[in-house]
Amino acid sequence: MTSTPDHLDPALRVQALASLLTERGLIDEATVENFIKTYEQSVGPMNGAKVVARAWTDPGYRARLLADGTAAIAELGFKGPQGEHMVVLENTPTVHHVVVCTLCSCYPWPVLGLPPSWYKDPAYRSRVVREPRQVLREFGLDLDDSVEIRVHDSSSEVRYMVLPERPAGTGHYSEAELADLVTRDAMVGVAKVPVP
Amino acid sequence: MDGIHDLGGMQGFGHVQPLTAAPPFAEPWEGKAFVIGALAARIAGTNLHAFRHAIERVPPPEYLAGYWNRWTIGAQTMMEDSGILTDEEVRARAARLSGRDVPEPPPPTPHKPQMASGGAGNLRSLDTPPAFAVGDRVRVADLDPSGHTRLPRYVRRRAGTVTALRPGQVFPDTAAHFAGENPQHCYTVDFDSRELWGPGAEPFRLFIDLFEPYLEPGP
């Protein structure tokens, strides 16, 4: 979308900014590459999935996670920017939590990485605080009318993560096998973890 | 400010995007954009709140032209504000990178803002007791500041119930303008959807974190 007469292609703007900042010694190639690699490879929803799988298999951990999300998540080594104070919301057969940031795109980086496109999109941000049941249906999650929906707008530095329901038929799964089932979307609350 | 960023409850944006397992950066320039934005506050001598406010000030057509577009323009705006570079420089460099031989303007003189920091991050402990307790009814004040705020339009003047006291935090409304950390108590407030959207609303509960200056005792 070329939106305004003086619109500069964002890829070109980035290239120009990087060039000027590098020239002034304010950024360097190695730092940039390292940063990108971190968020491409080590900080992402696979971290949150480990938290969820641990909570599903260890009742003591689950209790600690719901009581003090920040500390319990740090037990597994996950902390850092955009995770200063973590609150974990437990989905149940009767209560369904879903998370948004209407003002920008706040998201719990240490456990989920960077937000996906749909989370940052105006359609999600505008609508999920007004018609969440309809939005969830569009995503493919048709909740029964008896399920209470709780929408959480991340407007402060508190970051929210959903502890989804453990799918049926996974009683014999190991913690690692369970972690493989957990999806980013389920930890934001726009999907359930699929029954394998 | 009542900007395009304050999207909660706006209508007309159509269907949500499909859920995909796409990687964080669809193209290499997006990764570079991310890093420039992530480092911009440090480079400009500012803070996270100023960065959010810079993105809020991106003109609506540019804001809606994609996430990494607004992110990058916000980062650039903040660096312009601190005299790190100018828009003319960026455009001249972009033209030269595109093979056009244009003159490059001189760099500006840096003038980073001065604001004392109370420490890393944004959580702060407060000496003053919180004004509200869990279970209290509150009403959101009819505030309409032209600067940065974390009070979205859609909860203004609405009444809800405090469900949690969160850690004290740097107050975004002043920190974004380098007018002090001014830490505040922060509460999660629970609103009935019908209080927000009228009697015909979908039934649900909306929880949002609100700083103490945004709240008054409620009905």
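Reading the values: the criteria
- Residues numbered from 1 in each chain as written.
- Chains lettered and ligands numbered in written order.
- Predicted model: local features only at pLDDT ≥ 70, side-chain atom pairs only at ≥ 80, totals over all residues.
- Heavy atoms only, no water.
- Helix = DSSP H or I, 4+ residues; strand = E, 2+ residues; numbered from the N terminus.
- Buried < 20%, exposed > 50% of the residue type's maximum accessible area, 1.4 Å probe, protein only.
- Contact = heavy atoms within 4.5 Å.
- Areas by Shrake-Rupley, 256 points an atom, 1.4 Å probe, with all protein chains shown as cover.
- Lys, Arg positive; Asp, Glu negative; His and termini not counted.
- Charge placed at Lys NZ, Arg CZ, Asp CG, Glu CD.
- Phe/Tyr/Trp six-rings, centres within 6.5 Å; stacked < 30°, edge-to-face > 60°.
- Pairing = 2+ DSSP bridges.
- Axes fitted to C-alpha atoms, helices over the stretch in contact; angles between N-to-C directions.

Across its full length, chain A carries eleven helices and four strands. A principal-axis box enclosing the C-alpha atoms of chain A has dimensions of 55 × 35 × 30 Å. The 196 residues of chain A split such that 57% are buried. Counted over contacts in chain A with a minimum sequence separation of 6, partners at least 24 positions apart contribute 68%. Accessible surface, chain A: about 7,700 Å² in total, of which carbon and sulfur atoms supply 52%. Looking at charge distribution, chain A has the averaged site of its 19 positive side-chain charges lying 2 Å from that of its 26 negative ones.

Bringing the packing of aromatic side chains into the picture now. Each aromatic ring pair is characterised by the separation of its centres together with the angle its planes make. Taken as a whole and assessed by the stated rule, the structure comprises 24 aromatic pairs over all chains. Ring plane angle 70° and centroid distance 5.2 Å describe the contact between tyrosine 39 of chain A and phenylalanine 34 of chain B, whose orientation is recorded as edge-to-face. Of this pair, tyrosine 39 of chain A sits in helix 2 (residues 29-42) while phenylalanine 34 of chain B sits in helix 1 (residues 28-44), placing the two residues on different chains. Note on accessibility: tyrosine 39 of chain A and phenylalanine 34 of chain B belong to one class, buried. Ring geometry for phenylalanine 51 of chain B versus tryptophan 71 of chain B: centroids 4.9 Å apart, planes at 75°, classification edge-to-face. Separated by 20 residues along the polypeptide, phenylalanine 51 of chain B in helix 2 (residues 48-56) and tryptophan 71 of chain B in helix 4 (residues 67-81) bring together distant segments of the chain.

The strand order across the open sheet built from seven strands is 2(A)-3(A)-4(B)-3(B)-2(B)-1(B)-5(B), with neighbouring strands paired in mixed fashion. Two strands lie at the open edges of the sheet, namely strand 2 (95-100) of chain A together with strand 5 (215-217) of chain B, each paired on one side alone. Each strand of the sheet is rotated relative to its neighbour by a mean of 35°, with strand direction disregarded. One ladder, built from three bridges, connects strand 1 (residues 137-140) of chain B with strand 2 (residues 159-169) of chain B; its direction is antiparallel. Its bridge partner being in strand 2 of chain B, valine 138 of chain B is matched across the sheet by glycine 160 of chain B. Contacts from helix 9 (residues 132-139) of chain A reach strand 2 and strand 3 (148-153) of chain A, with the element oriented near 95° to strand 3 of chain A.

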